[in-house]
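Descriptive analysis of the structure
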2 protein chains.
Amino acid sequence: MEHPENDSEYKGLQVNEGVVPLPSVNPYATFRRKKRLLTVEEYVAGIRGGDISILGQAVTLVESSLPSDQAVAQKVIEACLPYSGNSVRVGITGVPGAGKSTFIEALGMQLCKQGNHLAVLAIDPSSERSKGSILGDKTRMNELSTAANAFIRPSPSAGSLGGVARKTRETIVLCEAAGFDTILVETVGVGQSETAAHSMVDFFLLLQVTGTGDELQGIKRGIMEMADGIAINKCDGTNVDKAQAARVSFKNALALFPPTESGWKPYAETCSSVEYTGIDRVWKMVTDYIDFTRKNGYFDYQRSQQAKYWMYETIHQSLLDSFYHNAEIEQLIPQYEQKILNNEISSFIAAHELLTLYGAKPDK
Amino acid sequence: MEHPENDSEYKGLQVNEGVVPLPSVNPYATFRRKKRLLTVEEYVAGIRGGDISILGQAVTLVESSLPSDQAVAQKVIEACLPYSGNSVRVGITGVPGAGKSTFIEALGMQLCKQGNHLAVLAIDPSSERSKGSILGDKTRMNELSTAANAFIRPSPSAGSLGGVARKTRETIVLCEAAGFDTILVETVGVGQSETAAHSMVDFFLLLQVTGTGDELQGIKRGIMEMADGIAINKCDGTNVDKAQAARVSFKNALALFPPTESGWKPYAETCSSVEYTGIDRVWKMVTDYIDFTRKNGYFDYQRSQQAKYWMYETIHQSLLDSFYHNAEIEQLIPQYEQKILNNEISSFIAAHELLTLYGAKPDK
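Residues numbered from 1 in each chain as written. Chains lettered and ligands numbered in written order. Predicted model: local features only at pLDDT ≥ 70, side-chain atom pairs only at ≥ 80, totals over all residues. Heavy atoms only, no water.

Remarks on the packing of aromatic side chains
- Applying the stated criterion across every chain yields a total of 23 aromatic pairs over all chains.
- Their ring planes at 35 degrees and their centres at 6.0 Å tell us that F151 of chain A and F180 of chain A sit as a pair that is tilted. Here F151 of chain A, found in strand β3 (residues 150–152), pairs with F180 of chain A, found in the loop between α6 (161–177) and β4 (182–187); they are 29 residues apart in sequence, far enough to count as distant.
- The exposure class of F151 of chain A is buried, given its relative accessible area of 2%.
- Between F203 of chain B and Y289 of chain B, the aromatic rings sit 5.1 Å apart at their centres with planes inclined by 80 degrees, giving edge-to-face as the arrangement. In this pair, F203 of chain B sits in strand β5 (residues 203–209) while Y289 of chain B sits in helix α9 (residues 279–296), placing the two residues 86 residues apart along the sequence. Accessibility classification places F203 of chain B together with Y289 of chain B in one group, the buried group.
- Taking NZ or CZ as reference, R166 of chain A lies 6.0 Å from the ring centre of F348 of chain B, over its face. (Phe/Tyr/Trp six-rings, centres within 6.5 Å; stacked < 30°, edge-to-face > 60°. Helix = DSSP H or I, 4+ residues; strand = E, 2+ residues; numbered from the N terminus. Buried < 20%, exposed > 50% of the residue type's maximum accessible area, 1.4 Å probe, protein only. Lys NZ or Arg CZ within 6 Å of the ring centre and 35° of its normal.)

Details of unusual backbone geometry
- Notably, N343 of chain A is not glycine yet its phi reads approximately 60 degrees, a positive angle.
- Within the element layout of this structure, N343 of chain A appears in the loop between α11 (327–341) and α12 (347–358).
- Not every positive phi belongs to a glycine, and K234 of chain B is a case in point at roughly 60 degrees.
- With respect to the helices and strands, K234 of chain B occurs in the loop between β6 (229–233) and α8 (240–256).

Some words on the pattern of salt bridges
Residues and elements named next belong to chain B.
- Within this structure, the stated rule accounts for 14 salt bridges over all chains.
- The partner of E63 in a salt bridge is R153, and the shortest N-O contact between them spans 3.1 Å. Here R153 lies in the loop between β3 (150–152) and α6 (161–177) and E63 lies in helix α3 (residues 52–63), a separation of 90 residues in the sequence. Comparing E63 with R153, the two get one shared label, buried.
- With a shortest N-O distance of 2.7 Å, D202 and R303 are connected by a salt bridge. Residue D202 is found in the loop between α7 (193–198) and β5, and its partner R303 is found in helix α10 (residues 298–324); the two are separated by 101 residues along the sequence.
- A residue is classified by how much of its surface remains accessible, and D202, at 1% relative accessible area, is buried. (Salt bridge = Lys/Arg side-chain N within 4 Å of Asp/Glu carboxyl O.)

What to know about the relation of the copies chain A and chain B
- Of the transformation superimposing chain A on chain B, the axial component is 0.0 Å and the angular component is 180 degrees, with the fit at an RMSD of 0.1 Å. Overall, the copies show the geometry of a two-fold rotation axis. Of every C-alpha in chain A, the one belonging to A253 of chain A sits nearest the axis of rotation, 2.3 Å from it. (Least-squares fit on C-alpha atoms with pLDDT ≥ 70 in both.)

With respect to the interface of chain A and chain B
- At the junction of the two partners, chain A supplies 68 residues and chain B supplies 68 residues.
- A per-residue breakdown of the area chain A buries against chain B is headed by R221, L256 and F348 of chain A, which together make up 14% of the total.
- At the surface where chain A touches chain B, the tally comes to two salt bridges.
- Of the charged contacts, one joins E337 of chain A and K308 of chain B as a salt bridge, the two residues approaching to 3.8 Å between their closest N and O atoms.
- For the pair chain A and chain B, the interface holds ten residue pairs in polar contact (both at pLDDT 80 or more).
- For the side of chain A that touches chain B, the secondary structure elements donating two or more residues are α4 (67–80), α6, α8 (240–256), α10 (298–324), α11 and α12 of chain A.
- At 17 residues, the largest contribution of residues to the side of chain A that touches chain B is made by α10 of chain A.
- Residues of the side of chain A that touches chain B, tallied by class, amount to 38 nonpolar, 16 polar and 14 charged. (Contact = heavy atoms within 4.5 Å. Buried area = accessible area lost by both parts, 1.4 Å probe. Polar contact = N/O pair within 3.5 Å; in protein donor to acceptor, adjacent residues only side chain to side chain. Nonpolar A, V, L, I, M, F, W, Y, C, P; charged D, E, K, R; others polar.)

Concerning helix α5 (residues 100–113) of chain A
Residue and element names in this part refer to chain A.
- Helix length check: α5, at 14 residues, gives a terminal C-alpha distance of 20 Å against a target of 20 Å (1.5 Å per residue), a fit within 8%.
- The buried fraction of α5 amounts to twelve of the 14 residues, a majority that puts the element mostly inside the structure.
- Listing the buried residues of α5 in full gives K100, S101, F103, I104, E105, A106, L107, G108, M109, Q110, L111 and C112.
- The positive-phi residue at the C-terminal boundary of α5 is G115, with phi of around 95 degrees. (Expected span 1.5 Å × (residues − 1).)

Examining the side chain of S346 of chain B
- Mapping S346 of chain B onto the fold places it in the loop between α11 (327–341) and α12 (347–358).
- Within the local environment of S346 of chain B, its side chain forms a polar contact with the backbone nitrogen of I349 of chain B, the two atoms lying 3.0 Å apart.
- Among residues more than four places away in sequence, those in contact with S346 of chain B are Q74, I77 and L81 of chain A together with I340 of chain B.

Some details on the confidence of the model for chain A
Residue and element names in this part refer to chain A.
- Averaged over chain A, the pLDDT score is 82; the fraction of residues at 70 or greater is 80%.
- Between residues 1–34, whose pLDDT stays under 50, and residues either more than four places distant or in other chains, the model counts 81 contacts.
- Model confidence for the complex: the whole-complex pTM is 0.78, and ipTM, which rates the interface, is 0.78. (pLDDT = per-residue confidence, 0-100.)

Things to note about the pairing of strand β2 (residues 118–122) of chain A
Residue and element names in this part refer to chain A.
- Of all five residues in β2, five are buried; the element is thus mostly enclosed.
- Every second residue of β2 is oriented toward a common face, with L118, V120 and A122 on one face and A119 and L121 on the other, all of them buried.
- As defined by bridge partners, β2 adjoins β3 across three bridges and the pair is classed as parallel. Each bridged residue has a counterpart across the sheet, and for L118 the counterpart in β3 is A150.
- Looking at chain direction, β2 and β4 are connected through five bridges and run parallel. Looking at β4, one finds that L118 is bridged to T182. (Pairing = 2+ DSSP bridges.)

Section: the sheet that holds strand β7 (residues 268–270) of chain A
Residues and elements named next belong to chain A.
- Read across the sheet, seven strands follow the order β3-β2-β4-β1-β5-β6-β7 without closing on themselves; strand pairing throughout is parallel. Pairing within the sheet leaves two strands with one partner each, and these edge strands are β3 and β7. Strand-to-strand twist in this sheet, taken as the mean axis angle between neighbours without regard to direction, amounts to 20 degrees.
- Pairing analysis gives four bridges linking strand β1 (residues 88–93) to strand β5 (residues 203–209), with the strands arranged parallel. For G91, the partnering residue across the bridge sits in β5 and is F204.
- Set on the sheet, α5 makes contact with β1, β2, β3, β4, β5 and β6 (229–233); between it and β4 the angle comes to about 180 degrees. (Axes fitted to C-alpha atoms, helices over the stretch in contact; angles between N-to-C directions.)

Thoughts on the nonpolar core
- Counting residues in hydrophobic clusters, the biggest one holds 112 residues, and the most contacted among them are I47 and L174 of chain A together with I47 and L174 of chain B.
- Beyond its immediate stretch of four places on either side in the chain, L174 of chain A contacts I47, L55, A58, V59, V62, V76, I77 and C80 of chain A. (Core = buried A, V, L, I, M, F, W, Y, C linked by side-chain atoms within 4.5 Å.)

Re the sheet that holds strand β1 (residues 88–93) of chain B
Residues and elements named next belong to chain B.
- Spatially, the seven strands line up as an open sheet ordered β3-β2-β4-β1-β5-β6-β7, and their pairing is parallel. Edge positions in the sheet fall to β3 and β7 (268–270), since each of these pairs with one other strand and no more. The sheet shows a mean angle of 20 degrees between the axes of neighbouring strands, direction not considered.
- Contacts between helix α5 (residues 100–113) and the sheet are confined to β1, β2 (118–122), β3, β4 (182–187), β5 and β6, with β4 contributing the most and set at about 180 degrees to the helix.

Thoughts on the side chain of R153 of chain A
- Taking the relative accessible area as the measure of exposure, R153 of chain A reaches 4% and is therefore buried.
- In this structure the side chain of R153 of chain A is engaged in a polar contact, spanning 3.0 Å, whose partner is the side chain of T60 of chain A.

Put into structure tokens, the structure is as follows:
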């Protein structure tokens, strides 16, 4: 089997064009197939040698839903595992309008100039190209996408949150094995992607903007308490006073939160992605956190917890999928929901009847 | 089969002694059996007639893990369902030291004096009598436990969180069918019980105390953003200024949170449970919320969502229990965890190998 990325007409995954617009239709129908599929060893050697083109092809395998691709992908991942882990993983979230793309561009350029190797990934199961999915628009990270040591990859465009998150997490492994030392994982701040991202990064950054509160409309409650730090973006022009006042407000609010499990005290910084100011302060917050948690042992502890979390999460998702994709169950669920809403049946009896049908033993 | 509550020596569930210390060992071994088990019809008639003793016996059935008891309990619940729902359900959380017991006593006495019929329940899967479980100590709600129209029931003392929460939720149905118009559900603010409680109440109240932040040590992050309101307790004596300053701080912090799904804007009130001040303001917050959400439709919407939630939650818990109680899986889990921590296997391969062993189809 051949892959579209091996096709000479496919320019997306070249190192200087990191942002690849994902094909919105079946790529196998869209691109001519020319080259042979690489072997597991070739993928691993290419990744380990820092070949961005091969890395990109391997990520495409990870994202593929073809069982034959998955079989190869899993072997590649397993071979890369021993070389993974040597990076700082940072989750970045914020509603549309918070300026995530320009912030990541500004931060990314700074990191690249400092010699870092930067991979920018995303989790956004809802993304559709027509809706302007995050990272989907190449022009939004114009400069960074042409940087030599940056690898930008849009969110896998199809599948459940669990599936998309799994692919992003596996892509982290491949990027680390390829020598990327800094991984940014972007989410949109409006759904459950944040929990998934939070479970695969070391530091979780919430990007905010100042204003009357309207800008916060889109963000999901609970995310603020997940954050290890807040960056108040767009601190520029006539907005400086407001942004600085917001920093104080957030500082006070964060002080009311209970301590984090890591012992770290989250705080807020201001920055401007267009004027390139404060970006260094935001990144210092991240590196301070990494130093702090490496010293007190939380860094490794969290990584271990996360690795186990993804095993359990995959098991749970799979068990639930089997249940809800059962034809009989699928048909009966709406009826049971209605009975519950009519007070004709208790939620627990409904569950047990469905479970009995499914053949599982009801919970005691 | 007979039940301990039917035994004349068992005084716990009399109306004027609402707080029943749960037996720490198998009650069936501890109490002599004398009276016959009531029929489903007798339970339902007793509950509907407001017979607190029969209500208490029915709750004991709900809490029992004996299949024969559960069969009767589920029939009783189903018969009570059409008469349930006519209450205001309030979740109350706060760390030990926040003064939950005295607050509930003060609030409860006020509600009883106003003619309300009050049931106080709890979710605390970790509770053990020796550790001073919530509501377990009768002396902590001395006055309320002797009030004529109050029914106080400690947390079921054994079982998983899911099991304990289910029992509490089913007890709400029975209490409502018995005519209780106000249900308080207490949790300890340190674990996952808050999510469970939040999923069965209309209003979720966070009880805080003032101080340097030490008092917050125990509370779990994320709970503050779950709250529909905050009550700052112990606003008395030399603590008044600090409590009022805290109210302003929390007010400002809450204003930074994104809006709630209900459209309600959570705020903070001060109160003193020992001086009986501000309790009315806290309760007004609850009733204002109820009025607000009844008018905009959120009240009924949330109730429907909750009823469905518990069906799905029960299904999920049962599917997971079946998996993890599988002897082979139970034995292999620690080995797989270790392999993951050693980077010998990816979290996803580990999950799929275990799922294959279990016979389930792996998630794609």
